[in-house]
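Chain by chain, the residues run as shown.
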Protein chains: 4
Amino acid sequence: GGGLYQLSKAGKLSVPAMNVNDSVTKQKFDNLYCCRESILDGLKRTTDVMFGGKQVVVCGYGEVGKGCCAALKALGAIVYVTEIDPICALQACMDGFRVVKLNEVIRQVDVIITCTGNKNVVTRDQLDRMKNGSIVCNMGHSNTEIDVASLRTPELTWERVRSQVDHVIWPDGKRVILLAEGRLLNLSCSTVPTFVLSITATTQALALIELYNAPEGRYKQDVYLLPKKMDEYVASLHLPTFDAHLTELSDEQAKYLGLNKNGPFKPNYYRYRALISQNGKDA
Amino acid sequence: GGGLYQLSKAGKLSVPAMNVNDSVTKQKFDNLYCCRESILDGLKRTTDVMFGGKQVVVCGYGEVGKGCCAALKALGAIVYVTEIDPICALQACMDGFRVVKLNEVIRQVDVIITCTGNKNVVTRDQLDRMKNGSIVCNMGHSNTEIDVASLRTPELTWERVRSQVDHVIWPDGKRVILLAEGRLLNLSCSTVPTFVLSITATTQALALIELYNAPEGRYKQDVYLLPKKMDEYVASLHLPTFDAHLTELSDEQAKYLGLNKNGPFKPNYYRYRALISQNGKDA
Amino acid sequence: GGGLYQLSKAGKLSVPAMNVNDSVTKQKFDNLYCCRESILDGLKRTTDVMFGGKQVVVCGYGEVGKGCCAALKALGAIVYVTEIDPICALQACMDGFRVVKLNEVIRQVDVIITCTGNKNVVTRDQLDRMKNGSIVCNMGHSNTEIDVASLRTPELTWERVRSQVDHVIWPDGKRVILLAEGRLLNLSCSTVPTFVLSITATTQALALIELYNAPEGRYKQDVYLLPKKMDEYVASLHLPTFDAHLTELSDEQAKYLGLNKNGPFKPNYYRYRALISQNGKDA
Amino acid sequence: GGGLYQLSKAGKLSVPAMNVNDSVTKQKFDNLYCCRESILDGLKRTTDVMFGGKQVVVCGYGEVGKGCCAALKALGAIVYVTEIDPICALQACMDGFRVVKLNEVIRQVDVIITCTGNKNVVTRDQLDRMKNGSIVCNMGHSNTEIDVASLRTPELTWERVRSQVDHVIWPDGKRVILLAEGRLLNLSCSTVPTFVLSITATTQALALIELYNAPEGRYKQDVYLLPKKMDEYVASLHLPTFDAHLTELSDEQAKYLGLNKNGPFKPNYYRYRALISQNGKDA
């Protein structure tokens, strides 16, 4: 989505665009719920590490980080969080994670997982201080989060122990286990459940249909979020998989709430509505 | 916030207003994190019920419902969810709750908790079918969620067993335990932690300061959300309580992310940004 | 139970005795499952503390400690454990708790909970180093775990702020909140669910019936555990409360397992069998 | 262990034997903690199934079943338990699982996991009623738990879709996914962490050393559990992995508790002591 917004800001977007990546179902499923499982899967398939009792630091407490933290905590790991955003940091506190700077725990952790979208979140200086046998991997949005380039120096030896798994060996024999050369663990070393693919593909298809069918003038050369009602439609198509039964509003209830019985069910300002204004109106 | 939006829509709002209720920190703390604790507290103080093994249905899976579900599940209750919104319903599925219609489980549950903001979510017909000794209470936004009025009929006897606790007795001797006469359990039968009061009061104070100090023209006669940077400021003021240490962006990282080192840290379209447009622009 | 074993060892036990305290259902329900709830209840009723984000140290990781740790972790507290027994310590690690010495965390924790059965687990020296506003309480077996006597010195002021809650005030104004003067929090400041009372009372009644009805010679002047089959009987009497349905063995399966279809269902050496030998035979 | 006890009972055991399988650390690590991870690993590697929202029935709530249930619940599955033993059934209730007979849920579950040690826990009749696409696997002690032989009939087609994964196809096209042909999933489709192997190997080595070094007469031709002190020793050897710090008893505390400062730390009748008497003394 980021690139589209930059194009839009620069006035260079020549067609309406739909930011499906930030639709609620896509966000929750691709990121939180999918990563909650793929972090475990990716670590097991590559390293067979036991989670119980391990000290792990998760860099970034967005949707991906929340998923990783929840899964690892549930399996008995002790999880620390690093954050730059005080709101996410406070959420991490309330969810039971110590919020630290990476340097505070770098010498003691068994696993580092980056989920920030930022660059050089783990630096060579920090990798130098990690324990022998510790694991470093990336679940974020790019392959820049771990400064892998800094590890390609003559004094360090790389040993490929199996597909997607390198041991980086320091002169004193210390080994740090680097997964997927710092690329995305969930794409490189794990699988994506068909259920999540279905959510994503349905969202994309509906966005294209909406853009194609929309009456002249509904969308300008800007970036839009999927209309909430379609987001709800994607979700409703996937409920039967879980044998989930929706409650229907009575006429009286719909009137009381000021809602249409068929949705959308949330007022526009609902937390996950997330409309984007490109014109600076939002303070 | 709802009333303000109606005033605004009707063109009757005579001053700028700040919807502090939907600021991120307020939402998360007052609702999710606070209710996660007050549902347990409120039930214990009034009924001494053991949570382990109890079957509970939570009506509504918004922030309040999520908090109630998480707490009760963690303490060994078996929790069902009812929902009208397919997105929230799918979230409930992924979080491990069966999504049902109330009628499917009404005969078997030990506790009903309403968190919908809707009216008549639990009807007399449903109360008639509940088990002897079951508990009904409300954590939602009004005292209309349980149709309490329908219980004030001659064939039912009310017995006040202690403050905020009534036994409603059917002719066959069946007792249903009604808490706070259907008013908010968290306000009537539980306490609000000072920490949450501090979050709320700080948010309100900052909103007033912003409205007072804002240059002419920044705010019109409309409803606004707290600027994200202030929301972040509220959060940052409360981090020392938890001895939480924020990570600071380097100049290089801030540039890479296109962010100011002092925030705001999320792009406007971030999921919890929740800007309100009153002018219909949002599809 | 301890006193009976000492009498038995000293040859002073004049009748057969049944150690109902160590029966499986009693242990699990009175200790683990009951304390999982009463630690939350006791802390809330006395202090209204918010659990989310709080740092807590639980001294002792037996059944009571496990219950306290599970509940507090689930509600977002960060929990440390102290232990003297390496097996319990390793369990705490695998369950996701850092195992520390009390002195390592004494300056940072918000709450200390003792569950050891030991004496002077929290000393005056340690109380001196606690933070302002921190809470100290006891969930263990006696009122000796916290060295409360050491706090009754002239330089400290005691202020009773409400029933069961004292502020102990240091000369510099620091306050430590002492609950129930160091007596059992779960008995002093919380309630015991009727369900747990029923388990306990049933177990005690069955033990008396067994001792009364047992043929001459089945029991000597020693301490016995409740026969496993009766323990199972207590449990089976309480299953209907949860609408739980037991599976019955087929004849073929019972034969395959070498079990009677009506139980007992576990071989004698099963982990929770816990036979007591008083004669030193057990290595 | 079972075979040794039968030999002992029959008077055919010609040497002392140590039942290391039932030592506390072995039990907890090989079973509960290891299976908590390997159930997830085994299911992912073979089927890529998403856990969130899936309905799962776990047959048997011993250590293995507890581990499976805890892991799957934590990742958002809805878990049912079947049990023959009322004590374990009551534990399942308190841990938040519905206890059902398999037939009650057979048509709705997505996954069946057997952990009983019993035979024919899942019968052909039940397999006939499972949903299309459901998964059947075994985490128990033998390959008899699922009646796999009953599936080798002419009207059913077997399709090997990948190593360890068979689709069994009914005449109407329904497919049931059978893992490892009903053999142990954790051995066939998952890995065992080196940490667990270390616990097991250490326990076995210490048992052999004890039997070899024991003075004449300490052990007769019977089956013994590892002396508790050695069990503790195994645990203490593995604590540094987690940087866990044991608390040491003071002289005064050791005297108060009647314990040696170096252990063993639990009285013989402690729940996990589990001494075996073969002479019928235990009621």
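An account of the accompanying structure is given in this report. (Residues numbered from 1 in each chain as written. Chains lettered and ligands numbered in written order. Predicted model: local features only at pLDDT ≥ 70, side-chain atom pairs only at ≥ 80, totals over all residues. Heavy atoms only, no water.)

### Side note on the interface of chain D and chain C
- Contacts between chain D and chain C engage 78 residues on the former and 77 residues on the latter.
- Both sides together, the interface formed by chain D and chain C hides about 7300 Å², and carbon and sulfur atoms give 59% of it.
- At the junction of chain D with chain C, the criterion picks out four salt bridges.
- The partner of C:Lys119 in a salt bridge is D:Glu252, with the nearest N and O atoms 3.3 Å apart.
- Run the count over chain D and chain C and you get 21 residue pairs in polar contact (both at pLDDT 80 or more).
- Secondary-structure elements contributing two or more residues to the side of chain D that touches chain C are helix H1 (2-9), helix H2 (24-47), helix H4 (86-94), strand E4 (98-99), helix H8 (194-213), helix H9 (228-238) and helix H10 (251-257) of chain D.
- With eight residues, H4(D) is the largest single contributor of residues to the side of chain D that touches chain C.
- Class assignment for the residues of the side of chain D that touches chain C results in 36 nonpolar, 19 polar and 23 charged. (Contact = heavy atoms within 4.5 Å. Buried area = accessible area lost by both parts, 1.4 Å probe. Salt bridge = Lys/Arg side-chain N within 4 Å of Asp/Glu carboxyl O. Polar contact = N/O pair within 3.5 Å; in protein donor to acceptor, adjacent residues only side chain to side chain. Helix = DSSP H or I, 4+ residues; strand = E, 2+ residues; numbered from the N terminus. Nonpolar A, V, L, I, M, F, W, Y, C, P; charged D, E, K, R; others polar.)

### A closer look at the relation of the copies chain C and chain A
- Aligned on chain A, chain C shows an RMSD of 0.0 Å; the corresponding rotation is 180 degrees and the shift along the axis is 0.0 Å. Look at the turn and shift together and you get a two-fold axis relating the two.
- An overlap of 100% is found between the interface residues of chain C and their copies at the interface of chain A, pointing to a shared contact surface. (Least-squares fit on C-alpha atoms with pLDDT ≥ 70 in both.)

### Structural notes on the interface of chain C and chain A
- Contacts between the two partners involve 17 residues from chain C and, on the opposite side, 17 residues from chain A.
- Carbon and sulfur atoms make up 60% of the area that chain C and chain A hide from each other, which totals about 1100 Å².
- Where chain C meets chain A, there are zero salt bridges.
- At the boundary of chain C with chain A, the tally comes to five residue pairs in polar contact (both at pLDDT 80 or more).
- Class assignment of the residues belonging to the side of chain C that touches chain A gives a composition of eight nonpolar, six polar and three charged.

### Topic: the packing of H2(D) against helix H3 (residues 63-74) of chain D
Residues and elements named next belong to chain D.
- Axis separation between H2 and H3 bottoms out at 7 Å; the angle between their running directions is 35 degrees. Considering how the two elements wind past one another, H2 and H3 form a crossing that is right-handed. Residues Gln 27, Lys 28, Asn 31, Leu 32, Cys 35, Arg 36, Ile 39 and Leu 40 of H2 pack against Glu 63, Val 64, Lys 66, Gly 67, Cys 68, Ala 71 and Leu 72 of H3. (Axes fitted to C-alpha atoms, helices over the stretch in contact; angles between N-to-C directions. Left-handed = near helix turned anticlockwise from the far one by under 90°.)

### Remarks on the sheet that holds strand E4 (residues 98-99) of chain A
Residues and elements named next belong to chain A.
- The strand order across the open sheet built from eight strands is E4-E3-E2-E5-E6-E9-E8-E7, with neighbouring strands paired in mixed fashion. Edge positions in the open sheet fall to E4 and strand E7 (157-162), since each of these has one partner strand only.
- Sheet topology note: the strand E2 (residues 55-59)/strand E3 (residues 78-82) ladder contains five bridges and is parallel. Residue Cys 59 lies in a different strand from E3, and its bridge partner there is Thr 82.
- Packing against the sheet, helix H2 (residues 24-47) makes contact with strand E5 (111-114), strand E6 (134-138), E7, strand E8 (165-169) and strand E9 (175-179), and its axis sits at approximately 125 degrees to E9. (Pairing = 2+ DSSP bridges.)

### Comments concerning the sheet that holds strand E9 (residues 175-179) of chain B
Residue and element names in this part refer to chain B.
- In space, the eight strands of this open sheet follow the order E4-E3-E2-E5-E6-E9-E8-E7, with mixed pairing throughout. Of all the strands in the sheet, just strand E4 (98-99) and strand E7 (157-162) have a single pairing partner and so form its edges.
- The pairing of strand E5 (residues 111-114) with strand E6 (residues 134-138) spans four bridges and is parallel. Directly across from Val 111, in E6, lies its bridge partner Ile 135.
- In the packing of helix H2 (residues 24-47) onto the sheet, contacts are made with E5, E6, E7, strand E8 (165-169) and E9, and the angle to E9 comes to roughly 125 degrees.

### What to know about the pattern of salt bridges
- A complete count under the given rule lists 68 salt bridges over all chains for this structure.
- For the salt bridge of B:Arg45 with B:Asp41, the shortest nitrogen-to-oxygen distance reads 2.7 Å. Remark: B:Asp41 and B:Arg45 occur in helix H2; sequence separation between them is four residues, near one turn of the helix.
- C:Glu232 is paired through a salt bridge with C:Lys228; the nearest N and O atoms lie 3.3 Å apart. One end of the pair is C:Glu232 and the other is C:Lys228, both in helix H9 (residues 228-238) and four residues apart, which spans about a single turn. We note that C:Glu232, like C:Lys228, is buried.
- Among the ionic contacts, a cluster of salt bridges with common partners joins A:Arg152, A:Arg160, A:Asp166, A:Glu181 and A:Arg183. (Buried < 20%, exposed > 50% of the residue type's maximum accessible area, 1.4 Å probe, protein only.)

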